[in-house]
Structures are given as C-alpha cells and as structure tokens.
Amino acid sequence: MKTSQIVTEVRERHPHAAWAPRIDAIAASTGIETRGWMLPLEAAVAPGDGGGLLAAGVGPAREALARDGFTEPDVDRVIGALEAIPAPQTVQERTAPAWAAVQSYGEQAARGALQIAGLDAEDVDCLITSHSTTPALPGLDVSLANKLPLRDDVVLLPATQWACIAGTRSLALAADLVAADPDRVVLVVIAEALSTTYQPADDTLESLIVRLLFADTAVATVVTGRPRRESALRLDAAWHHTLHGTQDLHRLETRADGTHFVMDRRGPRAVQRTVTAMWGWLRARYQDDPDSWHPDVLLAHPGGTRVLEYMEQTMPDGWPPGLLEYSRDSYTTGNRGGAAVFDIMRRAHDAGQEPGSRAVLYAAAPGLTATALAGQWL
C-alpha cells in the first residue's frame, strides 16, 4: 500500500480538516512510502451493506414521519433517500475479512518457519500466538492447530493482547519453556492486521497518523533448547517492565464501525521512561564490565522514530553509532506492531550480522509495558 494512495483517499474525504493543508508534509515526515496490507485500501473505505436507516429501522422512521404530517408518497421518498445513504461498515463487516487474512498469512508464516528450521508440524510441542487487532475466540492458536495441523497434545498459548511487545515477550516466554526442557520445540506466530484501525470517517490528526503509520505483517519463528544448524540467535536473559497509571495513553477501542487506535501525545514520553529503565537493567547486568561492554546490534521497536532518537541520545557513553540501523530501516515500511522485532531481526540476518555479535531486543506496547532480551548472534 503506497502512502500516496492513502494521502489521496484522505484528502478527498476530508478536504476541510484542520490538517488538510499540511497532509503532504505530515506524510513525508513519516519516512514511509509503502507498507504491506493484507487487504486492499478499497476494503477499508468501502461502505457497509446497510443504508442510513440501519440503526433506526424503517418502521420507526415511517411512523415518525407520518406523525409529523408527511404524506405517504413523501414518506416513501424520504425513506428511499435515507436508505441510499452509505452506512459505515459494522464491526463484523470490517473485521471478518481481516480475521480470515490473519489466519491465512499466519499459516503461511508458520509453514515457512518450520521449513527453514527443518521441522514438521508434528515436531511442535508448544505454540505461542498473538493477533491483537482481530480479536477472535477461538483464536489463531486453535486455527493453526487445525490448519497445520499440530499434534493434539501441543500446548497452545494465545497472547492476543501483547500487541507491540508480542515479538520480544513471546521469545522470552519461549526461552523459559525450552530452558525447562531443552528438547521442547516452540513455534511462535504473530499475525497483525493493523490496517483494521484505518477509520475513514475520523478527521482527527491522530487518526491521520495512524492511517499513515500502520502495516500488516505475519511472522513466525521456531525456538528450541538445543543448538541447530539453522539457529540465528541465542537468548540469554529477559527483562520486563510495566509503568503503572499509563494504561489510557495508547489503546484499542471497539466501536460500532470497527477498531480504533487511540493515541495520546504523552505516549512517547512514557515510553522513554521504559527505555531509561532498560538502560538500568543492562548496566546492572554488565556491571562487572561497564566500560567495554556494549551490544553490537540493538533491535528495538518502541512504537516510533521519536523514541528511537531518544534511545540514541541516552545510550551509555562509548557505545558505537549505528546500533539502531535495522530498527530505522524497518520503520520505513511501516509500524508492524508485535511483528516488528522479527522484521528487524530478519534485516540484521539478511545483512550478514556477524556470529558472536551481542544483541539486545527491546519493544514497548500499550499499557505501557516493555520487554527486552539480551543474547548472542549465532
């Protein structure tokens, strides 16, 4: 999905919005020219199947018009005109096709990860899934258990509400599981249709930014306790942090016309507090070697480039520049939510990250909550 397509659609729909004269500059400031969507833009902006009388109903509307003295022909004309008014899509109309796409792309990602790992579906002992923007019960875990299919004794661990920390926190959980049993095979699948938060009727600046930022992604990986030829990263330690009293800063709201992502401008400042706390964790972890230790690669998804800039500004003295190169590259194709850290990791892998490189993974999510991992490239 090209940014130019989104700009054209929004400009035509909201020509008198307060931000309309600045829309080109706002879009350019994101640094995103294209992003992947599971469904086309037309699916997000299409009207619903019902007309303008969907909520009120034809019967009550006729009665009200008759009471006000309208003749029967006039009532027919008014009702016809109201029914011709396009209605917004309902929650079901908006999310049902996205949920189908999430399952399909999630299955493709899972099969690809298993193939790369040289494993079959029956080798999987545990499945961790996340899909925050398409809530469903049963969820992606049960869907994949049937589609792949998995053994009937596989442990299913759905983590639907992890959102942007799904990548780091699922890896942390998987590492704990294989530490307890090194022969255990854990499959992680994250599939996010963030494009479902594209709400055509919203004319706020925050809604415009959401439309410009979010991308859809399905990713998967395999975590085991035994070294394998295909292994890319060893996970050594995890850190978790929650800022109490910040649960209203970033959130998903389900309304009659679908899912809305609500942003508060205080959010980046709060996320920065989790970054500061992570620096403290790393400082304590490597206190025996504080002057010479630093990561060789930092795979970070803090929700936006503004916090990436803060991370660079607050890194401990002596750390080399360019640690966030792959994180910045990932943002040029949109905010991928919980799948972002995997996309960043893939970029580092494809660029030939040196074996033995010290890696730190970090992500923050609505809550506000954050997770970080320390490990080594294999």
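All values reported here derive from a predicted model rather than from experimental measurement.

### Brief notes about the overall build of the chain
Phase 1 of the analysis: Helices and strands together make up the secondary structure of the chain, namely 13 helices and ten strands.
Phase 2 of the analysis: Buried positions account for 50% of the 378 residues belonging to the chain.
Phase 3 of the analysis: In the chain, 78% of the contacts between residues at least 6 apart in sequence involve partners at least 24 apart.
Phase 4 of the analysis: Carbon and sulfur atoms form 52% of the exposed surface of the chain, whose accessible area is close to 17800 Å².
Phase 5 of the analysis: Looking at charge distribution, the chain has the averaged site of its 33 positive side-chain charges lying 4 Å from that of its 47 negative ones.

### Details of helix α7 (residues 140-147)
One full turn of an α-helix is made of 3.6 residues, so residues set three or four places apart face in the same direction.
Phase 1 of the analysis: Taken residue by residue, α7 has Leu140, Asp141, Ser143, Leu144 and Ala145 as its buried positions.
Phase 2 of the analysis: Where the residues of α7 are buried, they touch α6 (91-117), β1 (126-130), β2 (155-158) and β3 (185-193).

### Describing the environment of Val45
Phase 1 of the analysis: Considering the arrangement of structural elements, one finds Val45 in helix α3 (residues 41-45).
Phase 2 of the analysis: The class of Val45 is partly exposed, set by a relative accessible area of 22%.
Phase 3 of the analysis: Sequence separation between Val45 and His260 is 215 residues; the distance between their C-alpha atoms is 14 Å.
Phase 4 of the analysis: With residues near it in sequence (within four places) discarded, Val45 still touches Glu9, Arg13, Gln89, Tyr198 and Pro200.

### Regarding the packing of aromatic side chains
Phase 1 of the analysis: Scanning the entire structure with this criterion turns up six aromatic pairs.
Phase 2 of the analysis: When the centroid spacing of 5.2 Å and the interplanar angle of 75 degrees are considered together, the rings of Phe214 and Phe261 count as edge-to-face. Residue Phe214 is located in the loop between α9 (205-213) and β4 (216-224), and its partner Phe261 is located in strand β7 (residues 258-263); the two are separated by 47 residues in the primary sequence. For the pair Phe214 and Phe261, one class covers both residues: buried.
Phase 3 of the analysis: Taking 6.2 Å as the distance between ring centres and 25 degrees as the angle between the ring planes, the aromatic pair formed by Trp239 and Trp281 counts as stacked. One end of the pair, Trp239, is in strand β5 (residues 233-242); the other, Trp281, is in helix α10 (residues 267-285), and 42 residues separate them in sequence.
Phase 4 of the analysis: On the accessibility criterion, Trp239 (10% relative accessible area) is buried.
Phase 5 of the analysis: Three or more aromatic residues link up through ring pairs in this structure, and these residues are Trp279, Tyr286, Trp293 and Trp319.
Phase 6 of the analysis: Across from the ring centre of Tyr198, 5.4 Å away, lies the NZ or CZ of Arg211, which sits over that ring.

### Some thoughts on the UniProt feature "domain: Chalcone/stilbene synthase N-terminal" (unreviewed entry) in the chain
Phase 1 of the analysis: Under the local residue numbering, the UniProt record ascribes the feature "domain: Chalcone/stilbene synthase N-terminal" (unreviewed entry) to residues 89-226.
Phase 2 of the analysis: Regarding residues 89-226, the helix share stands at 43% and the strand share at 20%, and the terminal C-alpha atoms are separated by 49 Å.

### Section: the nonpolar core
Phase 1 of the analysis: Counting residues in each nonpolar core, the largest one holds 32 residues, and the members touching the most others are Val186, Leu299, Met345 and Leu361.
Phase 2 of the analysis: Counting only elements with at least two residues in this core, the list comes to β1, α8 (166-180), β3, β4, β8 (297-301), α13 (340-350), β9 (358-365) and β10 (369-377).
Phase 3 of the analysis: Here this core takes six residues from α8, the largest share from any one element.
Phase 4 of the analysis: Those residues in contact with Leu361, other than ones at most four positions away along the chain, are Thr168, Leu171, Leu233, Leu299, Val341, Met345, Thr371, Ala372 and Leu373.
Phase 5 of the analysis: With 31 residues, the next largest nonpolar core counts Leu249, Val307, Tyr362 and Ala370 among its residues.

### As for the pairing of strand β6 (residues 250-255)
Phase 1 of the analysis: Pairing of β6 with β7 involves six bridges; the strand directions are antiparallel. The partner of Arg251 across the bridge, within β7, is Val262.

### A short note on the pairing of β1
Phase 1 of the analysis: Most of β1 is tucked away, with five of its five residues classed as buried.
Phase 2 of the analysis: Here β1 shows no split at all, with Cys126, Ile128 and Ser130 on one side and Leu127 and Thr129 on the other all buried.
Phase 3 of the analysis: Two elements, β1 and β2, share four bridges in a ladder whose sense is parallel. Each residue of the ladder has a partner; that of Thr129, found in β2, is Pro158.

Conventions we followed
- Position numbers for residues count from 1 along each chain, tracking the sequence in the order it is written.
- Only residues with pLDDT of at least 70 are given local features in this predicted model, and only at 80 or more are side-chain atom pairs given and counted; all residues enter the totals for whole chains, interfaces and linings.
- Note that water and hydrogens are dropped before the side-chain values are worked out from all heavy atoms of the structure.
- Put simply, DSSP H or I for four residues or longer makes a helix, DSSP E for two residues or longer makes a strand, and each gets a number counted from the N terminus.
- Buried means the residue's accessible area, taken with a 1.4 Å probe over protein chains only, is under 20% of the maximum for its type, while exposed means over 50%, and partly exposed covers the values in between.
- The criterion used for residue contact is that any of the two residues' heavy atoms lie within 4.5 Å.
- Note on areas: Shrake-Rupley, 1.4 Å probe, and residue coverage restricted to the protein chains presented here.
- Positive charge is attributed to Lys and Arg, negative charge to Asp and Glu, and no charge count is given to His or to the chain ends.
- We put the charge of a Lys on NZ, of an Arg on CZ, of an Asp on CG and of a Glu on CD.
- In summary, the pairing rule links any two rings of Phe, Tyr or Trp, Trp by its six-membered ring, whose centres are within 6.5 Å, and it sorts them by plane angle into stacked for under 30 degrees, edge-to-face for over 60 and tilted for everything else.
- The criterion is that NZ of a Lys, or CZ of an Arg, lies within 6 Å of the ring centre and within 35 degrees of the ring normal, and then a charge sits over that ring.
- UniProt positions are given in the numbering used here, feature names are shortened, and annotations may be inferred rather than shown by experiment.
- As used here, the term nonpolar core means buried Ala, Val, Leu, Ile, Met, Phe, Trp, Tyr and Cys residues forming a set that is joined through side-chain atoms within 4.5 Å.
- By the convention used here, strands pair only if DSSP detects at least 2 bridges between them.

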